[in-house]
Amino acid sequence: MSHHDERTFVMVKPDGVQRGLIGDIVARFEDRGLKMVGGKFMQIDEELAHEHYGEHEGKPFFDGLVDFITSGPVFAMVWEGADATRQVRQMMGETDPAESAPGTIRGDLGLDLGQNVIHGSDHEDEGANEREIELFFDEDELVEWDQTDAVWVYEDE
Ligand code: UDP
């Protein structure tokens, strides 16, 4: 894999879907030069919610988080590019939209910690990106393709 091939898992949460923000969010990653290699409109069930958010089990917000993430459809995606995991997290802003800078996704599109529009793999949690991709996607649901304008995104492409 070249250094442009890091993959990360991203998901528009139920509030973002209900508010019609899928297009806005996808456009931000496309505009940045990242490449979508997987996308799936789906409903998360109780079991998947527990697996995905297992690290938060037992915390006071856990039950509310599971209710929220299973409350309606999500748009799950895999995005690929140089340093993709960390770059997506930077574009997302802070966990709490109220603390997120304008220009970030949560800073532009949210106000409330419990309804913060988007999930992206944690770049500080080694391997979280690949684990989450595997949890949500089968390998044959990911598409390998040449992004023809990559030569205008990466100097050394
Ligand atoms: N969350 C919440 N209350 C809290 C902390 C977290 O509702 O006090 C929710 C919020 O939706 C957040 C998710 O739990 O996105 C996962 O928390 P994490 O700390 O992993 O934040 P993230 O990685 O999403 O920024």
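Residues numbered from 1 in each chain as written. Predicted model: local features only at pLDDT ≥ 70, side-chain atom pairs only at ≥ 80, totals over all residues.

In terms of nonpolar packing, the biggest core is built from 26 residues, with Val-10, Met-11, Val-12, Met-77, Trp-79 and Ile-118 touching the most fellow members. Secondary-structure elements contributing two or more residues to this core are strand S1 (6-12), helix H2 (22-32), strand S3 (74-81), helix H5 (84-92), helix H6 (105-109) and helix H7 (128-136). For this core, the leading source of residues is S3, giving 6 residues. Beyond its immediate sequence surroundings of up to four residues, Trp-79 is in contact with Thr-8, Val-10, Phe-29, Leu-34, Lys-35, Met-36, Ala-84 and Val-88. (Core = buried A, V, L, I, M, F, W, Y, C linked by C-beta atoms within 7 Å. Buried ≥ 20, exposed ≤ 12 C-beta atoms within 10 Å, placed from the backbone. Helix = DSSP H or I, 4+ residues; strand = E, 2+ residues; numbered from the N terminus. Contact = placed C-beta atoms within 7 Å.)

On to the UniProt feature "domain: Nucleoside diphosphate kinase-like" (unreviewed entry) in the protein chain, then. As annotated by UniProt and renumbered to match this structure, "domain: Nucleoside diphosphate kinase-like" (unreviewed entry) occupies residues 5-144. Helix and strand shares over residues 5-144 are 39% and 19% respectively, and the end C-alpha atoms of the span are 11 Å apart. (UniProt positions renumbered as here; feature names shortened; annotations may be inferred.)

Listed under "active site" (unreviewed entry) in the UniProt record, and renumbered for this structure, are His-119. Secondary-structure assignment places His-119 in strand S4 (residues 118-120). His-119 sits in the buried class, given 20 other C-beta atoms within 10 Å. Ignoring sequence-local partners within four residues, the contact set of His-119 consists of Val-10, Met-11 and Lys-13.

Considered for burial, the residues of H5 that qualify are Ala-84, Thr-85, Gln-87, Val-88 and Met-92. Mapping the buried residues of H5 onto a view down its axis gives an arc of 170 degrees, with all of them on the same face. Where H5 is buried, its residues touch S1, S3, H6, S4 and H7. Trailing H5 by a residue or two, Gly-93 shows a phi angle of about 90 degrees, which is positive. (Arc of directions from axis to C-beta.)

So, about the sheet that holds strand S2 (residues 35-42). If you walk across this open sheet you meet the 4 strands as S2-S3-S1-S4, and the pairing is antiparallel. Since the sheet does not close on itself, it has two edges, and those belong to S2 and S4, each with one partner. Each strand of the sheet is rotated relative to its neighbour by a mean of 15 degrees, with strand direction disregarded. Bridge analysis of S1 against S3 gives 7 bridges, and the strand direction is antiparallel. Bridging from a neighbouring strand, Met-11 pairs with Ala-76 of S3. (Pairing = 2+ DSSP bridges. Axes fitted to C-alpha atoms, helices over the stretch in contact; angles between N-to-C directions.)

For the ligand, the full set of nearby residues is Phe-61, Leu-65, Thr-95, Leu-113, Gly-114, Asn-116, His-119 and Asp-122. Of the residues contributing to the shell around the ligand, the split by class is 3 nonpolar, 4 polar and 1 charged. (Near = placed C-beta within 6 Å. Nonpolar A, V, L, I, M, F, W, Y, C, P; charged D, E, K, R; others polar.)

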